[in-house]
Amino acid sequence: MSSLAPYACDPARSLGRRHAETPAPTRTEYQRDRDRIVHSTAFRRLVYKTQVFLNHEGDLFRTRLTHSLEVAQLGRSIARSLRINEDLVEAISLAHDLGHTPFGHAGQDALNGCVAEHGGFEHNLQSLRVVDKLEERYPQYDGLNLTFETREGVLKHCSRRNAQLLEESEPGGVGARFLRKEQPSLEAQLCNLADEISYNAHDIDDGVRSGLITLAQLRDVPLFDQFRAAAQAEHPDLGRAPLQRRLLYEAIRRMLSAQVYDVIDATQAALSRHAPADVQAVRRAPPLVMFGDVMRERSLQLKQFLFKNLYRHPRVMDTTARAQEVVRDLFAAYLESPHEMNAGFAEQAASADGGPVRARAVADFIAGMTDRFAAREHERLTGRRLFD
Ligand code: MG
């Protein structure tokens with residue numbers, strides 16, 4: 001990887017793993033992280049977890065798995081241009097949503113409410129818990145024993161309280177930057193932005209295909225509509241109803257490219273201004289991976305449009321309410337009868353004398369569920385079927 005920029009994460013200078021391991025003969029440390037993530041149980045479950053649309057609503061909608069792959073694709077593509085570490089970007093992208101509950105944000109909000117008095121539930125922190133603790137794949141330790149840099153990227157946000165708790169158990173570890181108000185590596189910063197670019201684009205696609213939003217409504221969104229108009233001007237046929245899907249894809253394709261080039265330009269300019277000598281200097285600098293001012297504003301408009309018209313659409317809200325009911329009922333049922341959970345969680349909950357440990361074991365068990373497993377468990381434990 002001699003083409004890496006000095007401010008990129010270099011696997012040879014990784015801050016290392018929590019449990020020392022001998023290097024692999026042919027793979028870098030970040031390639032190993034990526035491979036461990038792909039082979040994990042939590043990664044396979046992403047295919048049956050909701051992004052916006054419930055998994056069973058249609059076979060073509062994004063799931064957390066396809067979303068994660070799209071983030072990795074965008075991230076790698078930008079990383080190569082910036083000469084930062086593609087393997088690390090891929091590892092972080094593929095792991096970034098591992099901690100998501102079933103039923104998307106609805107599930108997370110409900111679970112957060114259930115454990116509010118025991119520290120709450122944050123999906124970023126849960127993603128870290130998955131790779132640090134909940135994956136059971138190695139004889140000598142819990143978790144996947146990933147490098148500091150991948151774990152740093154996975155913990156995208158963290159409350160001050162949780163950062164302090166992390167700092168107590170791992171001084172100077174991945175919680176420290178939230179207390180010092182520092183940034184993560186460029187690779188981690190890039191994954192955040194690639195996540196946003198990715199879901200803004202694919203939620204337009206899924207939203208239009210589901211019929212919940214229309215191309216006409218999207219006329220109010222300049223970021224999208226400029227490319228829709230340009231594509232239609234070049235290919236007037238695309239205005240005809242049978243070809244509207246191609247118009248949608250062409251507009252999204254152009255919008256994605258424009259955002260990718262914008263990030264590359266704005267970030268290269270920021271890197272020239274700050275000239276960080278290495279990744280430590282990156283961490284002390286302000287955020288450097290960014291949109292330009294105009295694109296940032298337009299991306300925000302798109303986000304606000306999706307929030308109002310898609311995420312708060314009555315049909316989405318209806319499933320949101322049922323999903324929250326499932327999560328809350330499951331939480332109450334397992335808290336009351338921990339033996340109904342899988343053995344490892346049941347054992348942990350039963351061995352705990354106090355409420356917080358038991359509540360956390362129940363939250364971990366529910367967070368790991370796929371949408372359909374949660375719905376089935378709910379029916380088994382309550383006798384009520386909320387999802388077909
Ligand atoms: Mg995401």
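Being a predicted model, the structure only gives us computed values, none of them experimental.

**What to know about the packing of aromatic side chains**
Step number 1: Under the counting rule described, the total for this entry stands at 5 aromatic pairs.
Step number 2: Taken together, Tyr-334, Phe-345, Phe-365 and Phe-373 form an aromatic cluster joined through their ring pairs.
Step number 3: Directly above the ring of Tyr-48 sits Arg-372, whose terminal nitrogen or CZ lies 3.7 Å from the centroid.

**Observations concerning the state of the cysteines**
Step number 1: In total, this model carries 0 disulfides according to the counting rule given.
Step number 2: Note on Cys-9: no disulfide assigned, nearest cysteine sulfur contributed by Cys-191 at a separation of 10 Å.
Step number 3: Residue classification places Cys-9 among the buried residues on the basis of a relative accessible area of 2%.

**Regarding the environment of Ser-299**
Step number 1: On the secondary structure map, Ser-299 appears in helix α14 (residues 293-311).
Step number 2: Residue classification places Ser-299 among the buried residues on the basis of a relative accessible area of 1%.
Step number 3: For the pair Ser-299 and His-235, spaced 64 residues apart in sequence, the C-alpha separation works out to 25 Å.

**Looking at the domain arrangement of the chain**
How big an interface is tends to be stated in terms of the accessible area lost upon association of its parts.
Step number 1: Domain parsing of the chain yields domain 1 (24-313) and domain 2 (316-382).
Step number 2: Each of domain 1 and domain 2 has a C-alpha centre, and these two points are 27 Å apart.
Step number 3: Listed by partner, the interface residues are 31 residues for domain 1 and 27 residues for domain 2.
Step number 4: The contact between domain 1 and domain 2 buries some 2,400 Å² in all, and 64% of this surface belongs to carbon and sulfur atoms.

What counts and how
Residues numbered from 1 in each chain as written. Predicted model: local features only at pLDDT ≥ 70, side-chain atom pairs only at ≥ 80, totals over all residues. Heavy atoms only, no water. Phe/Tyr/Trp six-rings, centres within 6.5 Å; stacked < 30°, edge-to-face > 60°. Lys NZ or Arg CZ within 6 Å of the ring centre and 35° of its normal. Disulfide = S-S within 2.5 Å. Buried < 20%, exposed > 50% of the residue type's maximum accessible area, 1.4 Å probe, protein only. Helix = DSSP H or I, 4+ residues; strand = E, 2+ residues; numbered from the N terminus. Domains from an automatic or database assignment. Contact = heavy atoms within 4.5 Å. Buried area = accessible area lost by both parts, 1.4 Å probe.

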